[in-house]
Amino acid sequence: MSDSRTHVLLIEDNPGDADLVRLRLVESRPAVRVDYASRLSDGLAAIAKEMPSLVLLDLNLPDSHGAETFRKIMEKAPGVPVVVLSGQDDEALAMKAVNQGVQDYLVKGDLSSKHLERAMRYAVERQSLLRSLDMARKQQIEFKNQFLSHVSHELRTPLTCIHQYVTLLLDGLAGPVQPEQADHLKTVLKSVNQLHAMIRDLLEATRAESGKLRIEPRCIAVGTLIQQAVAMMRPTAQEKRIGIEIGLDRRIPLIFADPDRVLEILINLIDNAIKFTPVDGAITVKACMVESDPEMVYLSITDTGRGINPETKAMIFERLYQDPEAIDSSRSGLGLGLFICRELVKLHQGRIWVSSDPGQGSTFTFTLPTYSLAKLLFPVVTHQASLRPAFSLVQVELTPLSNPPRGNWRETWQECLETLRRCVYLDKDLVLPPMGMAGPAETFFVVASTDMERVGVMAMRIREQLERVASLKSAGKLSVMTVPIIPTAAAPGETLEQQVQHLADRINEIVIRALGKENLPVANSAHAASGSSTKPVLKH
Amino acid sequence: MPRNKILVVDDDPDLVRALRLRLRANDYDIATACDGYSAIASAQKERPDLIVLDLGLPAGDGFVVLDRLQNSDVLSGIPVIVLSARDPQNNEQRALKAGAAAYFQKPADNEELLSVIRVSLPQPKAEAARPS
């Protein structure tokens, strides 16, 4: 039954105080409806049942004391105004509560009806003001983002025209060009590309700010990505006769990260290094493991530039930060590159920092999570502190029917992956994450804690479910296979962790063999060739 | 061998002129249209082998054009490459779903655009056996 009266939840453990407040509330106009709880847990339960319009809260309850009490209430009833009932002796705590978002406090000793009524009315009023302020702020951010998106679109149109005609001239399609003229045109083209990069960064930063940056992590080799990024940046470095060296630790495990985003971070950092390194300098891009942090791969970009002041170091990753002493002012950007890098690294649960001494060059380091099959496997292949008795692998291959492939392959294989996840038991089977660079043809694997006899049923279920995916029918050919996994017998004294690791090694072997060389998450030179920023997505 | 014909649809005449020059230099025949309505009319009349399509167009935007093409028995087989200034994050998936073969954001790299045009064109029979 709906009730238009203001709904007050009173949480107060002292029956005398509670009666007093209730008495005052009965007299208040307009009439209010009061629910009463004498413990925090009862109060929280009442909130879960029905959200009140206001909470009158004693901070010291049998099951909760002090600041903890209002924190829990505000967590469960966000946006509901809270008025604290305090004793004569704990006004300081009540004040602290007000500082942390409680609307008001009343001292229980001098509580009149009028007083209480006014406090409640004001609390509700103030809370609704806060809400509209918050809404206005959100609208403003949304408006700003829409504006930036619109501006960037409008800027792109004339930029495209300039780009087209400059390249037409440069390519000699409008008649022969003198060497000096070609030189000038190249300068124009460079500026066009710079402007283009700025527009892109502006949009990326806006996305980062509004939490709209997305990543699609895969299991990949970091060396491949470093080689690609360096190949793309070499021409720019050569203009300043800067050499780029790659240092890859030989035992780098695969990482679990979005390949496109990691490339973006690497390119940004290498570009930055080139910007701040004088002619004939050197840049080193490295990947290594650190003993104290075995679950992360450390990637670093070191230059022989002029280094960074300690005061600057703290601000360098902030949005819109500009180095006032950039040596190459013609190549300064909007100050968004490092901010975007930081946001992208954060999305991967990594860290990014810079170490530098003025005059000694700088090293930017960031970390990315390793891909550990053993870690993923552990919860599904063990049961009651021992390894499950049997394992099998289901291999699902997706091949496009035509060349170029029809349909939207990214969506198709994502749908495929989701379908697979619905076909398995989460506590004893595992769908492995996708591997290598994304492409129209994908191979997925499911590790099942079951023997070959029973895994056949699972494979059948998977095939049936996948055949229902409409986009798959027109886009690709599907094959579902089962592969036995024969675990090596546990050596005496081997821990459960070691057994899982051995199983993971076996599975990795099978997976690598099945993927074949061209699909492995290792160096793929075909990708290194494309050096431009506009990446087409073929409808493979 | 007859040359492949490409229909370029964009409401910016300067850009159309530049694309025409660029594509002609690469041995394609060109037809052009500057809005959604004439894009469909031109596709029906000219029967191009491929369409380069802008999204923001007067008289029926790019998505309307994609929809019309897909729903036409005779035109649905023509590969469409979208070339638009719009943010791919909001439009790329939608365009690919609507039947586009590829999405390029302006300004696009000429070489990449040309190579995607090459692979998207219906392959001549003599070349069909080429290893992929």
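Trainee: I'm lost on the pairing of strand β4 (residues 80–84) of chain B in this one. Help?
Mentor: Residue and element names in this part refer to chain B. Taking burial as the measure, the 5 residues of β4 include 5 buried ones, the bulk of the element. Side chains V80, V82 and S84 project from β4 onto one buried face, and the interleaved I81 and L83 project onto a second face that is buried too. Pairing geometry for strand β3 (residues 50–53) and β4, over 3 bridges, is parallel. Looking at β4, one finds that L53 is bridged to V82. Chirality of the crossover, the property in question, places the unit of β3, helix α3 (residues 62–70) and β4 among those that are right-handed. Taken together, the 4 bridges between β4 and strand β5 (residues 102–105) define a ladder with parallel strand orientation. Among the inter-strand pairings, V82 is bridged to a residue of β5, identified as Y103. In the classification by handedness, the crossover that spans β4, the intervening helix α4 (residues 88–97) and the parallel β5 is right-handed.

Trainee: Help me understand the pairing of strand β11 (residues 352–356) of chain A, please; the structure alone is not making it clear to me.
Mentor: For a regular strand, the rule is simple: side chains alternate between the two faces of the sheet. Residues and elements named next belong to chain A. Burial of the side chains of β11 is restricted to one face: I352, V354 and S356 are buried, whereas none of W353 and S355 on the reverse face is. Note that β11 and strand β12 (residues 362–369) share 5 bridges and pair antiparallel. When the bridges of β12 are listed, W353 appears paired with T365. Between β11 and β12, which pair antiparallel in sequence order, lie 5 residues; one of them, G359, sits at a positive phi of approximately 85 degrees.

Trainee: Hey, could you run me through the sheet that holds strand β18 (residues 476–485) of chain A in this one?
Mentor: As a general point, the strands of a sheet are linked pairwise by backbone hydrogen bonds and lie either parallel or antiparallel. All names here are of chain A. Reading across from one edge, β16-β17-β15-β18 is the order of the 4 strands in this open sheet, with antiparallel pairing throughout. Taken across any chain shown, the strands that pair with only one partner, and hence form the sheet edges, are β16 (429–431) and β18. Taking each pair of neighbouring strands and ignoring which way they run, the sheet shows an average axis angle of 15 degrees. By the bridge criterion, 7 bridges tie strand β15 (residues 391–400) to strand β17 (residues 442–448) in an arrangement that is antiparallel. Looking at β17, one finds that L398 is bridged to E442. Along the sheet, helix α11 (residues 373–381) contacts β15, β16 and β17; its crossing angle with β16, the most-contacted strand, is approximately 150 degrees. Helix α13 (residues 452–467) contacts β15, β17 and β18 of the sheet and is inclined by roughly 165 degrees relative to β18.

Trainee: Could you clarify how one ought to interpret the interface of chain B and chain A in this entry?
Mentor: Note on interface size: it is often stated as the accessible area lost on association of the parts. Counting residues at the interface gives 31 residues for chain B, matched by 26 residues for chain A. Among the elements that make up the side of chain B that touches chain A, the one with the highest residue count is helix α1 (residues 13–25) of chain B (7 residues). Of the residues contributing to the side of chain B that touches chain A, the split by class is 16 nonpolar, 5 polar and 10 charged.

Trainee: So what exactly am I meant to see when it comes to the environment of P389(A) here?
Mentor: Residues and elements named next belong to chain A. Here P389 lies in the loop between β14 (386–387) and β15. Classification of P389 by C-beta neighbours within 10 Å gives exposed; the count is 10. A sequence separation of 61 residues divides P389 from T450, and the C-alpha atoms of the two residues are 7.7 Å apart.

Trainee: Explain the packing of helix α5 (residues 113–170) of chain A against helix α6 (residues 179–209) of chain A here, please?
Mentor: When two helices pack together, their arrangement is given by the angle between the helix axes and by the axis-to-axis distance. Residues and elements named next belong to chain A. Contact pair α5 / α6: the axes reach a minimum separation of 10 Å and the direction vectors enclose 160 degrees. Comparing the axis directions of α5 and α6 gives the class roughly antiparallel. By crossing handedness, the relation of α5 to α6 is classed as left-handed. Residues that form the contact of α5 with α6 fall into these classes: 16 nonpolar, 7 polar and 2 charged.

Trainee: Please explain the confidence of the model for chain B as it appears in this structure.
Mentor: Close reading of the predicted structure is inappropriate where its pLDDT is low. Residue and element names in this part refer to chain B. Summing up the model confidence of chain B, the mean pLDDT is 87 and the portion of residues at 70 or higher is 92%. Mean pLDDT across the secondary structure elements of chain B bottoms out at α4, with 84, and peaks at β3, with 95. Overall, residues 125–132 carries pLDDT values under 50, and its contacts beyond four positions in sequence, including any with other chains, amount to 2 contacts. Across the interface, the model reports ipTM at 0.85; the global pTM reads 0.66.

Trainee: Sorry, what's going on with the nonpolar core here?
Mentor: Nonpolar side chains in soluble globular proteins generally cluster together in the buried interior. Residues and elements named next belong to chain A. The biggest cluster of nonpolar side chains holds 48 residues, and the ones touching the most others in it are L266, I270 and I283. At 8 residues, the largest contribution of residues to this core is made by helix α8 (residues 259–275). In contact with L266, other than residues within four places in its own chain, are L225, I226 and A229.

Trainee: Please clarify how the sheet that holds strand β5 (residues 104–107) of chain A should be interpreted in this entry.
Mentor: Residue and element names in this part refer to chain A. Strand order in the open sheet formed by 5 strands is β2-β1-β3-β4-β5, and the pairing between neighbours is parallel. Lying at the two open borders of the sheet, with one neighbouring strand each, are β2 (32–37) and β5. When the angles between neighbouring strand axes are averaged without regard to direction, this sheet yields 20 degrees. Strand direction decides the pairing type here: strand β4 (residues 82–86) and β5, joined by 4 bridges, are parallel. Among the inter-strand pairings, L85 is bridged to a residue of β5, identified as L106.

Trainee: Sorry if this is basic, but what is going on with the packing of α5(A) against α1(B) here?
Mentor: The N-to-C vectors of α5(A) and α1(B) enclose an angle of 30 degrees; their axes lie 9 Å apart at closest approach. With respect to α1(B), the element α5(A) is oriented roughly parallel. The element α5(A) and its partner α1(B) pack so that their crossing is left-handed. Along the contact surface, α5(A) presents T160(A), C161(A), Q164(A), Y165(A) and L168(A), while α1(B) presents D14(B), L15(B), A18(B), L19(B), L21(B) and R22(B). When grouped by side-chain class, the residues that make up the contact of α5(A) with α1(B) number 7 nonpolar, 2 polar and 2 charged.

Trainee: How do you make sense of the confidence of the model for chain A when you look at a structure like this?
Mentor: Residues and elements named next belong to chain A. Within chain A, residue pLDDT values average 83, and 90% of them lie at 70 or more. Here helix α16 (residues 525–528) is the element of chain A with the lowest mean pLDDT, 32, and β12 is the one with the highest, 94. Low pLDDT, under 50, characterises residues 522–540; the stretch is placed with 51 contacts to residues that sit more than four places away or in other chains.

Here is what the cut-offs are and how they apply
- Residues numbered from 1 in each chain as written.
- Chains lettered and ligands numbered in written order.
- Predicted model: local features only at pLDDT ≥ 70, side-chain atom pairs only at ≥ 80, totals over all residues.
- Buried ≥ 20, exposed ≤ 12 C-beta atoms within 10 Å, placed from the backbone.
- Helix = DSSP H or I, 4+ residues; strand = E, 2+ residues; numbered from the N terminus.
- Pairing = 2+ DSSP bridges.
- Right-handed = clockwise from strand over helix to strand, strands pointing away.
- Axes fitted to C-alpha atoms, helices over the stretch in contact; angles between N-to-C directions.
- Contact = placed C-beta atoms within 7 Å.
- Nonpolar A, V, L, I, M, F, W, Y, C, P; charged D, E, K, R; others polar.
- Parallel < 35°, antiparallel > 145°, perpendicular 65-115°, else oblique.
- Left-handed = near helix turned anticlockwise from the far one by under 90°.
- pLDDT = per-residue confidence, 0-100.
- Core = buried A, V, L, I, M, F, W, Y, C linked by C-beta atoms within 7 Å.

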